[in-house]
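Now for the letters of each chain:
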Amino acid sequence: MIVCKNCGHQNEDNDTFCGSCGKFLEWTGERIAVTQPEPEPAPPPEPEPQPTHLGLIDRVKQAVGIEETAPQATTAPAAPPASVPSPATASAGPAASAPPSPPPAPAYRPVVVTSAAPAATPPSPQAPASLGYPPPATAAAPVSSPQPVLAGVGAPTAPPMAAPVAAPADEPLSRRPTSVAPAISRPRPAPRVLEPPTRRHPGDLICGQCGEGNDPVRHFCRRCGNSLDEAIAVQLPWYRRFFNRVFGVRTREAGWRPRRVGAPNVVGFMGRIVRLAIAAIIVVGLLAFLFVPQFHNLVVDRVTRTVTSARILVHPNYDPVYPTGTSATSSIAGHLPALADDRKTGTYWAALPSDHTPSISFHFDIPQDLADIGFTSGASGTAPADQFLAQPRPHQVHLVFSNGTSKDLTLADKDSAQFFPIDAKQVTSVEVHIVSMYPTTGAAPSSVAIDEVEFRIKD
C-alpha cells in the first residue's frame, strides 16, 4: 500500500499516481509494509595510510646507515693554505639540507671536505627562510651527516648565489585527500513494473488517455495521472446483468453483516426458487419458439394482435367497409335502397310518403368491428339547390346491430357527410330506423331522403 503524503489517500502497490490528488507517488508517496530489519551498513573502508614523506637528509641517512641517536664526530676539513673557510662551509644543520647547484666548470681542482657545525651557528644568508627551510631548532644540535663543500685553491671567497630547490625525480607526488562516500543504509527500491492497460472490471472508470481501468473512487488515473472527471464506466452486458439479478449474484462491501441472525430466510429461499423457475420457463419458451413451427406461428399471431390493438388505441387508422346487400321498408321509383351505399353523390334513397316509420338495412358477408358510421342527408349532389330543402331529412335515427346492441344518433341538417363513433363488434347487419325528420318547405314528395350511408373500421 502506498499512502500519499499530500492528501493521505491510500493507493495500491502498483499505482503510479495518487487517485485523489493526482500527485506522482514516486515523490509524494510513502509505501507502508511490514517493516523488515534493515541490513547493517558495511563499515567504511579504512583510509589508506599516507606515505611518509622522506626528505633528502633522511634518505641519505637510510642509505648510509647513520642513526640520529648515535651521532658521529666529523673530521674537520683540511683547509687549504693561505685560504680561509668560506661562510658556506661553516653552515650546518638543516640549512644545508638542499643540494647545492653544480658550479660552472672551475679552473681549479675542487676539494671535498667535511666540517662539524659549531655550537652556535647563525642562520646562513645563502638559505633564507623564504625558500622553505626551517630555522635550526637549537644551537647545540650536532650535524649527523657530512656535508659536501666545494672549495677551490686560490679561488676568491665570494658568497654563492641561492638556487631554487627542485624535488628529485624519485620523490612521490603529494596526494589530494579524497572523501569516502557514506554507506547506503536503505536499499534501492526495485524497478516498478506497470501492468498493461487491459484492466476492465465492472464499474471501473476508463481513462481517456491511456485506456487504463481505475476504481470508481479515484479522481486521477492510476497509470498516467490523467483526470477521470469525464471517464466512462465499464458496464456489464445486458445478459450478464439479467443473470446476476435472476441468480442473485451479489458482491458485498467490506464489513457487511447479515441483518437477521437465527432461523434461515425461508422467504428469500422461496423467492430464489421462483426466480429460477421463471428463468427456466423463459429458456424453454425461447427454444420452442426457435425450433417448433406451430408455437412460432402462434406467438407471432398473438404478438401481432396485441401490437395492433395497442396501436389502434393510441393512433387508429380508419378504413371503409362496404355492405354486400341493402333493403328498406319502402322506396319510390328511381330511388332504390341500393343507391344509399353506391359510393356516389347525387343518387339517394327515398321512402314512400305513406311510410311513416321508414327504415333501411345493410348486410355484410363477414362479421365486422364497426368503429364509425357516416350520413349524408337529403337529396344533394346533382339535384337543384332547392331539392335539398324539398325532401325530408333524417333528424333522429335509431341503430340496431346484429350482435344485439343499439345506439341513438342526432343528425345535423346539412348536406355534407357527418360521422359518429360507434362500437359494434362482430356485426353482420345494421338497421337504421328513422325516428324524426326535418320538415320541408312545401309538399314532400317522399317521407325521407338519404344520399349516402358509410361504415368504417379501425385498422
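Everything that follows concerns the structure shown earlier in this document.
Residues numbered from 1 in each chain as written. Predicted model: local features only at pLDDT ≥ 70, side-chain atom pairs only at ≥ 80, totals over all residues. Heavy atoms only, no water.

**Focus on the sheet that holds strand β1 (residues 2-4)**
Here comes step 1: Spatially, the three strands line up as an open sheet ordered β2-β1-β3, and their pairing is antiparallel. Both edges of this open sheet fall to β2 (10-11) and β3 (29-31), since each of them pairs with a single strand only.
Here comes step 2: Relative to β3, β1 is paired through three bridges, and the arrangement is antiparallel. Its bridge partner lying in β3, valine 3 is registered against glutamate 30. (Pairing = 2+ DSSP bridges. Helix = DSSP H or I, 4+ residues; strand = E, 2+ residues; numbered from the N terminus.)

**Focus on a nonpolar patch on the surface**
Here comes step 1: On the surface, Trp238, Tyr239, Phe242, Phe243, Phe247, Val274, Leu276, Ile278 and Ile282 cluster together into a nonpolar patch covering about 880 Å² of accessible area.
Here comes step 2: Looking at the nonpolar patch, the elements with two or more residues in it are α4 (238-247) and α5 (266-291).
Here comes step 3: Of the residues forming the nonpolar patch, the biggest block, five residues, is contributed by α4.
Here comes step 4: Of note, phenylalanine 243 is situated in helix α4. (Patch = residues over 30% accessible without salt bridge, like charges linked within 9 Å, V, L, I, M, F, W, Y side chains within 5 Å. Areas by Shrake-Rupley, 256 points an atom, 1.4 Å probe, with all protein chains shown as cover. Salt bridge = Lys/Arg side-chain N within 4 Å of Asp/Glu carboxyl O.)

**Things to note about the environment of serine 20**
Here comes step 1: Within the fold, serine 20 resides in the loop between β2 and α1 (25-28).
Here comes step 2: Using a relative accessible area of 32% as the deciding quantity, one classes serine 20 as partly exposed.
Here comes step 3: Each C-alpha atom of the pair serine 20 and asparagine 6 lies 9.6 Å from the other, and the pair is 14 residues apart in sequence.
Here comes step 4: If we skip the residues at most four places from it in the chain, serine 20 touches Cys7, His9, His219 and Phe220. (Buried < 20%, exposed > 50% of the residue type's maximum accessible area, 1.4 Å probe, protein only. Contact = heavy atoms within 4.5 Å.)

**Considerations on the packing of α5 against helix α6 (residues 293-314)**
Here comes step 1: As a packed pair, α5 and α6 sit with axes 6 Å apart at the nearest point and diverge in direction by 105°. As far as their axial angle goes, α6 and α5 are roughly perpendicular. Here Gly285, Ala288, Phe289 and Phe291 of α5 lie close against α6, whose contacting residues are Pro293, Phe295, His296, Val299 and Val300.
Here comes step 2: Split into classes, the residues belonging to the contact of α5 with α6 amount to seven nonpolar, two polar and no charged. (Axes fitted to C-alpha atoms, helices over the stretch in contact; angles between N-to-C directions. Parallel < 35°, antiparallel > 145°, perpendicular 65-115°, else oblique. Nonpolar A, V, L, I, M, F, W, Y, C, P; charged D, E, K, R; others polar.)

**What about the pattern of salt bridges?**
Here comes step 1: Taken as a whole, this structure holds six salt bridges when the rule is applied.
Here comes step 2: We note a salt bridge from arginine 456 to aspartate 372, for which the minimum N-O separation is 2.8 Å. Here the residue arginine 456 occupies a position in strand β16 (residues 449-458), and aspartate 372 occupies one in strand β12 (residues 359-377), the gap between them amounting to 84 residues.
Here comes step 3: As a salt-bridge pair, aspartate 423 and lysine 425 come within 3.7 Å of each other at their nearest N and O atoms.
Here comes step 4: A relative accessible area of 59% means that aspartate 423 is categorised as exposed.
Here comes step 5: Residue lysine 425 is classed as partly exposed on the basis of its relative accessible area of 49%.

**Thoughts on the sheet that holds strand β6 (residues 205-206)**
Here comes step 1: Reading across the sheet, the three strands line up as β7-β6-β8 and stay open at both edges, with antiparallel pairing between neighbours. Edge positions in the sheet fall to β7 (213-214) and β8 (232-233), since each of these pairs with one other strand and no more.
Here comes step 2: Where β6 lies against β7, two bridges are found, and the strand directions are antiparallel. Each bridged residue has a counterpart across the sheet, and for isoleucine 206 the counterpart in β7 is glycine 213.

**Focus: the packing of α4 against α5**
Here comes step 1: In the contact formed by α4 and α5, the axes pass within 8 Å of each other and the chain directions differ by 140°. Between α4 and α5, the angle is such that the two are oblique. Contacts between α4 and α5 involve Arg245, Val246 and Phe247 on the former and, on the latter, Arg272, Arg275, Leu276 and Ala279.
Here comes step 2: A per-class count over the contact of α4 with α5 returns four nonpolar, no polar and three charged.

**Describing the pairing of strand β15 (residues 418-438)**
Here comes step 1: Bridge count between β12 and β15: eleven bridges; the pairing is antiparallel. From the neighbouring strand, isoleucine 373 faces β15, where its bridge partner is phenylalanine 420.
Here comes step 2: Where strand β13 (residues 393-401) meets β15, eight bridges bridge the pair, whose relative direction is antiparallel. Opposite proline 394, over in β15, you have methionine 437 as the bridge partner.

**Some remarks on the packing of aromatic side chains**
Note on aromatic pairs: each is described by the distance of the centres and the angle between the planes.
Here comes step 1: Per the counting criterion, the structure on display carries five aromatic pairs.
Here comes step 2: Ring centres of tryptophan 238 and tyrosine 239 lie 5.9 Å apart, and the angle between their planes is 90°; this geometry places the pair in the edge-to-face category.
Here comes step 3: Ring geometry for phenylalanine 362 versus phenylalanine 455: centroids 5.3 Å apart, planes at 70°, classification edge-to-face. Separated by 93 residues along the polypeptide, phenylalanine 362 in strand β12 and phenylalanine 455 in strand β16 bring together distant segments of the chain.
Here comes step 4: With relative accessibility at 0%, the residue phenylalanine 362 sits in the buried group. (Phe/Tyr/Trp six-rings, centres within 6.5 Å; stacked < 30°, edge-to-face > 60°.)

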